[in-house]
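# Secondary and tertiary structure notes
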Amino acid sequence: MTDREYLQKALHTFNGGNWYGWKTHDDNGNKIPNDQRMTYANIKVIKESATIPSEADVNAKIQEIKDAETQKTNNKTSAQNKLKALGLTDAEIEAL
């Protein structure tokens, strides 16, 4: 997953999801290039009553998501190793 995808996944967990969009122009009216728009600095609120979470909260949520993905991968590897220790083949493990 890219940094941009992690940012979007994290932002979606705040304010009930679908509360944000991306600025297309900076405060001086200059167009923000598409490849630079999807950053914390360019978040805009599009849902009434939503608030932008702090950057620290967003970064903490991103890390939480990354940690959960790592744990899932580690659990899968651990389970596969335990099944191999019991004598199952890779094909049998895959079939599970």
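Structure first, text after, so check above.
Residues numbered from 1 in each chain as written. Predicted model: local features only at pLDDT ≥ 70, side-chain atom pairs only at ≥ 80, totals over all residues. Heavy atoms only, no water.

Scanning the entire structure with this criterion turns up two salt bridges. One salt bridge in this structure joins lysine 61 and glutamate 64, with 3.1 Å as the shortest N-O distance. Of this pair, lysine 61 and glutamate 64 both sit in helix α3 (residues 55-85), three residues apart, roughly one helical turn. (Salt bridge = Lys/Arg side-chain N within 4 Å of Asp/Glu carboxyl O. Helix = DSSP H or I, 4+ residues; strand = E, 2+ residues; numbered from the N terminus.)

One can find arginine 4 in helix α1 (residues 3-12). You can call arginine 4 partly exposed: its relative accessible area is 36%. Placed 35 residues apart in sequence, arginine 4 and threonine 39 show a C-alpha to C-alpha distance of 7.4 Å. (Buried < 20%, exposed > 50% of the residue type's maximum accessible area, 1.4 Å probe, protein only.)

Of all the residues in α1, the buried ones are Tyr6, Leu7, Ala10 and Leu11. Projected down its long axis, α1 carries its buried residues within an arc of 130°, all on one side. Elements that come into contact with the buried residues of α1 comprise β1 (20-22), β2 (43-45) and α3. (Arc of directions from axis to C-beta. Contact = heavy atoms within 4.5 Å.)

On to unusual backbone geometry. Even without a glycine there, the phi angle at asparagine 15 is positive, about 55°. Along the chain, asparagine 15 turns up in the loop between α1 and β1. One non-glycine residue, serine 49, lies in positive phi territory at about 80°.

With that settled, the discussion passes to the side chain of arginine 37. If you trace the backbone, arginine 37 turns up in helix α2 (residues 34-37). Sequence-distant contacts of arginine 37, that is, excluding residues within four places in its chain, are made with Trp22, Lys23, Thr24, Ile32 and Asn42.

Two elements in contact, α1 and α3, have axes separated by 9 Å at closest approach and are oriented at 110°. The angle between α1 and α3 falls in the class roughly perpendicular. Residues Asp3, Tyr6, Leu7, Lys9, Ala10 and Leu11 of α1 form the contact with α3, whose participating residues are Val58, Lys61, Ile62, Ile65, Lys66 and Glu69. When grouped by side-chain class, the residues that make up the contact of α1 with α3 number seven nonpolar, no polar and five charged. (Axes fitted to C-alpha atoms, helices over the stretch in contact; angles between N-to-C directions. Parallel < 35°, antiparallel > 145°, perpendicular 65-115°, else oblique. Nonpolar A, V, L, I, M, F, W, Y, C, P; charged D, E, K, R; others polar.)

Note that every value here comes from positions in space, so none of it alone points to a role or purpose.
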